[in-house]
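So the chains spell out like this:
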Amino acid sequence: MMASGKMEKTYIQFEDENAEKACAEKWGDGIGITEKQAKNVTSFSTYEFNNKEIQYFDELKYFEGITVIPQMLISNNPVVKVTIPVNVTDIQNYWFRNNNNNQNVRIILLPKNPPTLGWASFNGIPSDAIFYVPDDSVESYKTAATWSSRADYILPVSKLIE
């Protein structure tokens, strides 16, 4: 607590400064963003994080109010790791398009049930990208119609090595 009696803000600690800047400017106070502020976000616009030079975006997980990953969300970025929030039910086309870092891409999905995918949701994702899902949801992801083409690359999150 600060001397004035007000609570000091505790900001989310971002691994990637470009992701932090984009979130702090849009939903935070320009300096940072708190977990509470992130949880209160209920939608992202198309191209929300387009061309921001984001490589790591695990902190996307704090945006628990998000249910839809819109088209072109993190397109045109050198993303190597991203975490999809727990309440996402729909991942739209081209959300990862034109990402220019095609090595060791890891996508962590927190939803227990496989989100619905648009017909081009995998566009731009390297064919050997690894999808880490909740341990007790591996089979449901592997057998879901829109996910089955990536079944060999769906692993339990407990196998994730940082």
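Sequence positions are assigned chain by chain, starting from 1 and proceeding in written order. Two thresholds apply to this predicted model, a pLDDT of at least 70 for residue-level local features and 80 or more for giving and counting side-chain atom pairs, whereas whole-chain, interface and lining totals are computed over all residues. Side-chain descriptors were evaluated using all non-hydrogen atoms of the structure, hydrogens and water having been removed beforehand.

### Structural notes on the sheet that holds strand β2 (residues 68-69)
The strands making up a sheet associate through hydrogen bonds between their backbones, and the pairing can be parallel or antiparallel.
Part 1: Judged by pairing direction, the sheet is parallel, and its three strands sit side by side in the order β2-β4-β6 without closing on themselves. Two strands lie at the open edges of the sheet, namely β2 and β6 (116-117), each paired on one side alone.
Part 2: For β2 and strand β4 (residues 90-91), the ladder comprises two bridges, and the chain directions are parallel. Note on β4: the bridge partner recorded for Val 68 is Asp 90. In this analysis, strands are considered paired if DSSP registers two or more bridges between them. Only DSSP runs of H or I covering at least 4 residues are called helices, and only runs of E covering at least 2 are called strands; the numbering of each starts at the N terminus.

### Brief notes about the pattern of salt bridges
Part 1: One side-chain nitrogen of Lys or Arg within 4 Å of one carboxyl oxygen of Asp or Glu is enough to make a salt bridge. If you walk through the whole model with that rule in mind, you get four salt bridges.
Part 2: Residue Lys 9 is joined to Asp 29 by a salt bridge in which the shortest nitrogen-to-oxygen separation is 3.3 Å. One end of the pair, Lys 9, is in the segment before α1 (17-26); the other, Asp 29, is in the loop between α1 and α2 (35-39), with 20 residues separating them in the sequence.
Part 3: The rule is simple: take the accessible area with a 1.4 Å probe, protein chains only, and divide by the maximum for that residue type; under 20% is buried, over 50% is exposed, in between is partly exposed. A relative accessible area of 45% means that Lys 9 is categorised as partly exposed.
Part 4: With its nearest N and O atoms 2.9 Å apart, the salt bridge here joins Lys 26 to Glu 48. Pair noted here: Lys 26 is in helix α1 and Glu 48 is in the loop between α2 and β1 (56-57), with a separation of 22 residues, a long-range link.
Part 5: With a relative accessible area of 46%, Lys 26 lands in the partly exposed category.

### What about the side chain of Glu 48?
Part 1: In this structure Glu 48 comes out as buried when scored by relative accessible area, which is 11%.
Part 2: Distance and chemistry together define a polar contact, namely a pair of N or O atoms within 3.5 Å, with one atom able to donate a hydrogen and the other to accept it when in protein, and with adjacent residues in sequence counting only for side-chain atoms on both sides. Side chain to side chain, Glu 48 and Lys 26 meet in a polar contact 2.9 Å long.
Part 3: Excluding residues within four positions of it along the chain, Glu 48 makes contact with Lys 26, Trp 27 and Leu 73. We call two residues in contact whenever any of their non-hydrogen atoms come within 4.5 Å of each other.

### Notes on the packing of aromatic side chains
Both the distance between ring centres and the angle between the ring planes are used here to describe each pair of aromatic rings.
Part 1: Only Phe, Tyr and Trp rings are paired, with Trp represented by its six-membered ring, and only when their centres lie within 6.5 Å; those with planes under 30 degrees apart are stacked, over 60 edge-to-face, the remainder tilted. Taken as a whole and judged by the stated rule, the model has twelve aromatic pairs.
Part 2: Their ring planes at 80° and their centres at 5.8 Å tell us that Tyr 94 and Trp 119 sit as a pair that is edge-to-face. Pair noted here: Tyr 94 is in the loop between β4 and β5 (106-109) and Trp 119 is in the loop between β6 and β7 (130-133), with a separation of 25 residues, a long-range link.
Part 3: For Tyr 94, a relative accessible area of 19% gives the class buried.
Part 4: Its relative accessible area of 71% is what places Trp 119 among the exposed residues.
Part 5: Feature note: the residues Trp 27, Phe 44, Phe 49, Phe 57 and Phe 63 constitute an aromatic cluster, connected by ring pairs.
Part 6: Criterion for a charge above a ring: Lys NZ or Arg CZ within 6 Å of the ring centre, and within 35 degrees of the ring normal. One residue, Arg 97, lies across the ring of Tyr 94, its end atom 4.6 Å from the ring centre.
Part 7: Over the aromatic face of Phe 122 sits the side chain of Arg 150, whose NZ or CZ is 4.6 Å from the ring centroid.

### Some points on unusual backbone geometry
Part 1: For Asn 51, which is not glycine, the phi torsion reads 55° and is therefore positive.
Part 2: Structurally, Asn 51 is set in the loop between α2 and β1.
Part 3: The exposed category is assigned to Asn 51, whose relative accessible area is 51%.
Part 4: Located in the positive-phi region is Met 72, a residue other than glycine, with phi close to 60°.
Part 5: Following the sequence through the fold, Met 72 ends up in the loop between β2 and β3 (81-84).
Part 6: When its relative accessible area of 8% is taken as the criterion, Met 72 is described as buried.

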